[in-house]
Amino acid sequence: MKKIVVALLLAASFVLLSTVGYAEEKITLGKNNFAIKVSSINFDNKNTDDGVYVGAEGYKEIEKNLYLGAEVGYTSNDGSVKVFGAAVNSDVIFMPIELNMKYALRILNNLIIDLGVGGSYNYAKEEISGSDSVDEWLFGGQFFGDVNVTIGQVFLGINSKIQFTDKGRDTAKNYSNWRIGGQIGIIF
């Protein structure tokens, strides 16, 4: 009886250890990957309405599990601001252009998490009805994390990001924001 239990434990440990080794040997997000994101964007500035953010990102593996890439996104929000106590319609366009680095780690056979940091150059345009529009380019930085499930060459996941921007000279506003959403991508 003891020999059967020892043999079963030995066989089970062999199977478990071989799957751990297999998961470590598999590439995380490939040599290159590309994803489309749709997220909710929430601005820290109370005069800028929250909205939907759409972005595209591409990454290249530069070291084992370390990726360098870029993301470009867009959001256009209609809202209202108070000017001298009166509510006035406003439109805001925000487009971040980011250069990011992330580290990806395979947790389970098809589950990958990554954490990253980067810098950005952000275009912001605000148009208040009855006045001229104001646009600016602002420097920024961001921290982010993703959880992805791989299915062959495709991955699906959720993402979150916190982004900080400079205060604009013309609008005297910053466009710092946080985002949470989903993505679908391809590994190649």
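Residues numbered from 1 in each chain as written. Predicted model: local features only at pLDDT ≥ 70, side-chain atom pairs only at ≥ 80, totals over all residues. Heavy atoms only, no water.

Undergrad: So, the pattern of salt bridges: which residues are in play, and what are the values?
TA: In total, this model carries nine salt bridges according to the counting rule given. Between E98 and R179 there is a salt bridge, with the nearest N and O atoms lying 3.3 Å from each other. Of this pair, E98 sits in strand β4 (residues 86–108) while R179 sits in strand β8 (residues 177–187), and the two are 81 residues apart along the sequence. The exposure classification of E98 matches that of R179, with both residues buried. Each of the salt bridges in this network shares a partner with another, and the network as a whole consists of K37, E57, E71, E98, K161 and R179. (Salt bridge = Lys/Arg side-chain N within 4 Å of Asp/Glu carboxyl O. Helix = DSSP H or I, 4+ residues; strand = E, 2+ residues; numbered from the N terminus. Buried < 20%, exposed > 50% of the residue type's maximum accessible area, 1.4 Å probe, protein only.)

Undergrad: Just give me the short version of the packing of aromatic side chains, but keep the residues and values in it.
TA: Tallying each qualifying case throughout the model produces six aromatic pairs. Ring geometry for F43 against Y175: centres 6.2 Å apart, planes inclined by 85 degrees, an arrangement best described as edge-to-face. Of this pair, F43 sits in strand β1 (residues 32–43) while Y175 sits in the loop between β7 (154–165) and β8, and the two are 132 residues apart along the sequence. On the basis of relative accessibility, which here comes to 6%, the residue F43 falls in the buried class. In this structure Y175 comes out as buried when scored by relative accessible area, which is 1%. Taken together, a centroid distance of 5.2 Å and an interplanar angle of 50 degrees make the contact between Y123 and W137 tilted. Here W137 lies in strand β6 (residues 133–151) and Y123 lies in strand β5 (residues 111–128), a separation of 14 residues in the sequence. Relative accessible area serves as the criterion here: at 16%, Y123 is assigned to the buried category. Here a set of aromatic residues connected by ring pairs shows up, and it is made of Y121, Y123, W137 and F139. (Phe/Tyr/Trp six-rings, centres within 6.5 Å; stacked < 30°, edge-to-face > 60°.)

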